[in-house]
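In case you want the letters, here they are:
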Amino acid sequence: MVSQWARELHFSSIVVDTHSDSLVWTLDEGEDLADDLAHRQLTLPRMRAGGVTAQFMAAWVDPGRLGPETYVRRTLDFIDAMHRTCAAHPDQIELAHTAADVRRLKAEGKLAAILCIEGGHSIDDDLAVLRMYHRLGVRYMTLTWNNTNNWADGILDEARHGGLSDLGRAVVREMDRLGVIVDVSHASVETFWDALETGSKPVMASHSSCTQLCAHLRNLNDDQLRAIANNGGVACVTYVPQFVSEGLRLQLEELGVTGTEGEATFRQVSGELVLPAYTEIVDHVEHMINVAGIDHVGLGSDFGVLLAAPVGMEDCSRVPWVTEELVRRGYSDDDIRKVLGENVLRVMEAVIGE
Ligand SMILES: [Zn+2]
């Protein structure tokens, strides 16, 4: 049981989750997020049960499966899926454009959805497309997914630009100008440093954990965490089990599973894998707090398409257990509220405006 103290703290707080790929089920399977589907990690009923105030919902176009000619269309399909969901359930969920929207929706007892793009290839190398995505509600974009695109190197692909190209730097400047948060999750280390050097606004790492605790390439090392703190940004711990547990990462490496969120092999061997406990997620939160400071840490579950989740954190209804564990470790109410959502809202205010 989550203690009464932690429950009251959690459900009175703004809880922001900075990454989910759940829209893919609406788009490709015709599912409705408002239905309480037992096999899904994130639904509207589960968000309510987990006290999630605001959810960043990603448009992710798989560059391994789809060609460049589909990138814009498929991104728009994702955005449309979110708009349709909000239109179908105006009493339950609304699209939020600003931190103030999130606070208003919390007060009204509604869920907030915030659109985001996972992978800079979605803009098809065109700043005009980026500007139109912003108009449709997109509030962050990861500069890359795992792939290297035409202007930025991704973390699990060949480096072609040594970080950001000239166009890549122009993209970052235009994002800052528009108020689209520069998200450095999935970026190569060189892209990360180029983005911080080029940009003038706080950045976000929407779903990455700590290299110091788990050496997966998708995680952030301590120098990166300190740089995000100096930049005024926020790093959001992700629950992807092989980014949380070094033991699991090594086990998968031995089995030859080197990808990230979705691998057929992972599915085949999942019975034999040793999954981390949800408290190990909080180990990453604590490490980030120790390195970057309490003002620069958030939560970015990646619920939606995970093939496995940490034990005790199977879906978003379990998020109060993070609060419970932070209370147990002695953090103050104010500090816990920062991690749960206030830090992300601060970055939204700084980049997007009021
Ligand atoms: Zn991702």
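Here the structure is a predicted model, which means the values were calculated and not measured.

**Quick word on helix α7 (residues 166-178)**
In an α-helix, one turn spans 3.6 residues; hence positions three or four apart end up facing the same way.
Argument step 1. The end-to-end C-alpha separation of α7 is 18 Å, in line with the 18 Å expected for 13 residues at 1.5 Å each.
Argument step 2. Among the residues of α7, G168, V171, V172 and M175 are the ones counted as buried. Seen along its axis, α7 keeps its buried residues to an arc of 95 degrees; they face one direction.
Argument step 3. Once α7 ends, the next one or two residues include G179, with phi positive near 100 degrees.

**Here's the deal with the environment of Q55**
Argument step 1. Turning to its location among the elements, Q55 is positioned in strand β2 (residues 54-60).
Argument step 2. Note: C-alpha distance between Q55 and L115 (60 residues apart in sequence) is 8.5 Å.
Argument step 3. Sequence-distant contacts of Q55, defined by excluding residues within four places in its chain, comprise D17, S20, M47 and A113.

**Re the nonpolar core**
Argument step 1. Core analysis: the biggest nonpolar cluster contains 103 residues, and C116, A235 and M288 have the highest contact counts within it.
Argument step 2. Top element by residues in this core is helix α15 (residues 333-352). It accounts for 9 residues.
Argument step 3. In contact with C116, not counting residues within four places along its chain, are F56, M57, A58, V138, R139, Y140 and M141.

**Observations regarding the packing of helix α13 (residues 278-292) against helix α14 (residues 320-328)**
If you want to describe how two helices pack, look at the angle between their axes and the distance between the axes.
Argument step 1. Where α13 contacts α14, the two axes come as close as 10 Å, and the packing angle between them is 60 degrees. Comparing their axes, α14 and α13 come out oblique. Our pair here, α13 against α14, has a crossing hand that is right-handed. Residue-level inspection shows Y278, T279, I281 and V282 of α13 in contact with α14, the latter providing W321, V322, E325 and L326.

**Re unusual backbone geometry**
Argument step 1. You will see that D124, though not glycine, has its phi angle at about 55 degrees, which is positive.
Argument step 2. Along the chain, the position of D124 falls in the loop between β4 (111-118) and α6 (127-135).

**Notes on the confidence of the model for the protein**
Argument step 1. Residues of the protein with pLDDT of at least 70 account for 96%, and the chain-wide mean is 95.
Argument step 2. Per-element confidence in the protein is highest for strand β6 (residues 181-183), whose mean pLDDT is 99, and lowest for helix α12 (residues 264-269), whose mean pLDDT is 60.

**Focus on the environment of H134**
Argument step 1. Within the secondary structure layout, H134 lies in helix α6.
Argument step 2. Overall, H134 belongs to the buried group, with 20 C-beta atoms counted inside 10 Å.
Argument step 3. The spatial distance from the C-alpha of H134 to the C-alpha of V180 is 6.8 Å, given a sequence separation of 46 residues.
Argument step 4. In this structure, H134 is in contact with L178 and V180, ignoring residues within four places of it in sequence.

Rules and cut-offs
Residues numbered from 1 in each chain as written. Predicted model: local features only at pLDDT ≥ 70, side-chain atom pairs only at ≥ 80, totals over all residues. Helix = DSSP H or I, 4+ residues; strand = E, 2+ residues; numbered from the N terminus. Expected span 1.5 Å × (residues − 1). Buried ≥ 20, exposed ≤ 12 C-beta atoms within 10 Å, placed from the backbone. Arc of directions from axis to C-beta. Contact = placed C-beta atoms within 7 Å. Core = buried A, V, L, I, M, F, W, Y, C linked by C-beta atoms within 7 Å. Axes fitted to C-alpha atoms, helices over the stretch in contact; angles between N-to-C directions. Parallel < 35°, antiparallel > 145°, perpendicular 65-115°, else oblique. Left-handed = near helix turned anticlockwise from the far one by under 90°. pLDDT = per-residue confidence, 0-100.

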